[in-house]
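Each chain, written out:
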Amino acid sequence: MFNTILVPTDGSSLSDKAVQAAVEFAKMTGGEIVSISVAEPYPYMSLAEGTVAPDLDLFEKRMEKIAEMNVQKVADAAAAANVPCKAYTAASFSPYQAIIDAAMENHCDVIFMASHGRKGLNKLFVGSETQKVLAHSTIPVMVFR
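Residues numbered from 1 in each chain as written. Predicted model: local features only at pLDDT ≥ 70, side-chain atom pairs only at ≥ 80, totals over all residues. Heavy atoms only, no water.

> When you look at the packing of helix H3 (residues 95–105) against helix H5 (residues 129–136) in this model, what are you seeing that I'm missing?
Between two packed helices, the angle of one axis relative to the other and the distance separating the axes together describe the packing. Contact geometry of H3 with H5 gives a least axis separation of 8 Å together with a crossing angle of 45 degrees. Compared by their axis directions, H3 and H5 come out oblique. Both H3 and H5 take part in a crossing whose hand is right-handed. Facing H3, whose interface residues are Pro 95, Tyr 96, Ile 99 and Ile 100, H5 presents Glu 129, Lys 132, Val 133 and His 136. Residues of the contact of H3 with H5, tallied by class, amount to five nonpolar, one polar and two charged. (Axes fitted to C-alpha atoms, helices over the stretch in contact; angles between N-to-C directions. Helix = DSSP H or I, 4+ residues; strand = E, 2+ residues; numbered from the N terminus. Parallel < 35°, antiparallel > 145°, perpendicular 65-115°, else oblique. Left-handed = near helix turned anticlockwise from the far one by under 90°. Contact = heavy atoms within 4.5 Å. Nonpolar A, V, L, I, M, F, W, Y, C, P; charged D, E, K, R; others polar.)

This is how it looks when you write it as structure tokens:
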């Protein structure tokens, strides 16, 4: 069955639905949760002469802090339900790949994650990490909307 559940989170209220479902499922089945939040590094862009560059270190530290807060939220929900939880962050330009890697490294049986339900051109241009996980995962993925 599904003993180890990977729960990727971006901290959104929609992700919270997946978190709550994972915690309830793990509690019922005696399973455990592995939570990950992926911080995307600042995308490199060449700058024109005279352009002010943002503080890349500050940006990446802020993204890492947000990712840590996201997984702490999952760890707190799991602790409140007395469910074992490992929580960690990753930095990657490809969040879907970091999610799949985390599932493999932690021997997860299933992934519980949210989909923001983007449609049309927005979905094509923005991309969907959930869609990419669905396309590349070798384990079941439960999607929450």
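> Can you help me understand the nonpolar core in this one?
Most often, soluble globular proteins keep nonpolar side chains buried together rather than apart. Among the nonpolar cores identified, the biggest contains 16 residues, and Ile 5, Val 7, Ala 22, Val 23, Ile 33, Val 83 and Phe 112 are the most heavily contacted of them. For this core, the secondary-structure elements that each account for two or more residues are strand E1 (4–8), helix H1 (13–29), helix H2 (56–80) and strand E4 (110–114). With six residues, the single largest contributor to this core is H1. Setting aside chain neighbours within four positions, we find Val 7 in contact with Val 19, Ala 22, Ile 33, Val 34, Ser 35, Ile 36 and Phe 112. (Core = buried A, V, L, I, M, F, W, Y, C linked by side-chain atoms within 4.5 Å. Buried < 20%, exposed > 50% of the residue type's maximum accessible area, 1.4 Å probe, protein only.)

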